[in-house]
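Working through the structure, step by step
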Amino acid sequence: MGLKVYADRMSQPSRAIIIFCKMNRIDFEEVRIDISKGQHRTPEFEKINPMKQVPAIVDGKFKLFESHAILRYLACFFPSVSDHWYPNDLTSRAKIDSILDWHHANLRRGAMTYVFNSALAPALGFPLNAQAAEEGKKLLSSSISKIKSFWLKGNSRFLLGNAQPSIADLSLVCELMQLEVVDSEERQRILEPHQEIRDWMENVKRATNPHFLEVHGILYKVKARLESRRNRVSPKL
């Protein structure tokens, strides 16, 4: 029984796992879990991940959830994975782990709160929440500034001054890509002051293409639908 990746490509961590597998020639079966249809809450999926979230993997008899744990497992288990993703050197690993541990409570929390409450909530049956969106945007902006100040110093192409991307680069950039679905002017206002962040995102995209663009294709489809909806509503304002 081979590796199965349970994922919804609208999920930022799901995209990171899929791109990582494709980049490192890991043979896997992508099992689509549609969050908008509640497929993550079914009894069948609960057997895979009792937390009822994506992504999750099954590798033979081994089951694992939480995207950062999955990325670490894949990087260590499969011999085809290049060392730069999660180096054997313990100090380098520790620095990557530090970024990943920071990510969930900061960049991810801010981006997810902002994007959900400013754009995606209606698709899941919830109302937009301007106050929550504003709170999320503040944490998102603060997190972006911290990335630039702490881990992208000088002319760094990737986090920690590395010459090639790590699992931290992939995880964080997939998070920031979720901004593609918000209003284009708002996205520009958030990222425009941070040239280093925009350059870093482009570096990660180039280093992981064509898989990066293919896996993120779903975002551009959702963005087109949301922009069409905004255009229909705006004349009435």
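Residues numbered from 1 in each chain as written. Predicted model: local features only at pLDDT ≥ 70, side-chain atom pairs only at ≥ 80, totals over all residues. Heavy atoms only, no water.

Quick look at the packing of aromatic side chains
The cut-off we apply is this: When the centres of two rings from Phe, Tyr and Trp lie within 6.5 Å, Trp using its six-membered ring, the rings pair. Their planes under 30 degrees apart give stacked, over 60 give edge-to-face, and anything left gives tilted. Secondary structure elements are taken from DSSP: a helix is a run of H or I of four residues or more, a strand is a run of E of two residues or more, and numbering for both begins at the N terminus.
Applying the stated rule across the entire model yields eight aromatic pairs. Relative to W85, the ring of F20 lies with its centre 5.4 Å away and its plane at 80°, an arrangement referred to as edge-to-face. In this pair, F20 is assigned in helix α1 (residues 12-23) and W85 in the loop between α3 (67-77) and α4 (90-120), connecting sequence segments 65 residues apart. In this structure an aromatic cluster arises from ring pairing among F62, Y73, F77 and F78.

Focus on the pairing of strand β4 (residues 62-65)
Defined as follows: Note on pairing: DSSP must find at least two bridges between two strands before they are called paired.
Where strand β3 (residues 56-59) meets β4, four bridges bridge the pair, whose relative direction is antiparallel. The residue of β4 that forms the bridge with V58 is K63. Here β3 folds back onto β4 in antiparallel fashion, the turn holding two residues, of which G60 has a positive phi close to 70°.

Comments concerning the domain arrangement of the protein chain
How large an interface is tends to be reported as the accessible area lost when its parts come together. The cut-off we apply is this: As used throughout, domain bounds are those supplied by an automatic or database domain assignment. In this analysis, two residues are considered to be in contact whenever any of their non-hydrogen atoms come within 4.5 Å of each other. Simply put, the buried area is the total loss of 1.4 Å probe accessible area from both parts when two parts are fitted together. The salt bridge definition used is simple: a Lys or Arg side-chain nitrogen within 4 Å of an Asp or Glu carboxyl oxygen. Any residue outside Ala, Val, Leu, Ile, Met, Phe, Trp, Tyr, Cys, Pro, Asp, Glu, Lys and Arg is labelled polar, Gly included; the first ten of those are nonpolar and the last four are charged.
Structurally, the protein chain comprises domain 1 (3-81) and domain 2 (85-233). For domain 1 versus domain 2, the separation of C-alpha centres amounts to 20 Å. Taken residue by residue, the interface counts 22 residues in domain 1 and 29 residues in domain 2. For the pair domain 1 and domain 2, the two sides together bury roughly 2,300 Å², of which 68% comes from carbon and sulfur. Broken down residue by residue, the surface that domain 1 buries against domain 2 is led by M10, Q12 and H68, which jointly contribute 27%. At the surface where domain 1 touches domain 2, the tally comes to four salt bridges. Here R72 and D97 are joined by a salt bridge, their closest N and O atoms 2.9 Å apart. Those elements that place two or more of their residues in the side of domain 1 that touches domain 2 are α1 and α3. Considering every element that reaches the side of domain 1 that touches domain 2, the biggest residue donor is α1, with nine residues. In terms of residue class, the side of domain 1 that touches domain 2 is made up of twelve nonpolar, five polar and five charged.

Description of the pattern of salt bridges
Threshold: Accessibility here uses a 1.4 Å probe with only protein chains present; expressed as a share of the type maximum, an area under 20% marks a residue as buried, one over 50% as exposed, and anything in between as partly exposed.
Scanning all chains against the criterion turns up 14 salt bridges. The closest approach of N and O atoms between E186 and R189, which form a salt bridge, is 2.5 Å. Placement of both E186 and R189 in helix α7 (residues 184-191) is noted, with a separation of three residues, approximately one turn of the helix. Note that E202 and K205 form a salt bridge whose closest N and O atoms lie 3.1 Å from each other. Here E202 pairs with K205, and both are found in helix α8 (residues 195-208), just three residues apart, close to one helical turn. For K205, a relative accessible area of 12% gives the class buried. Three or more residues are tied together by salt bridges with common partners; here these are R9, K22, E30, R32 and E214.

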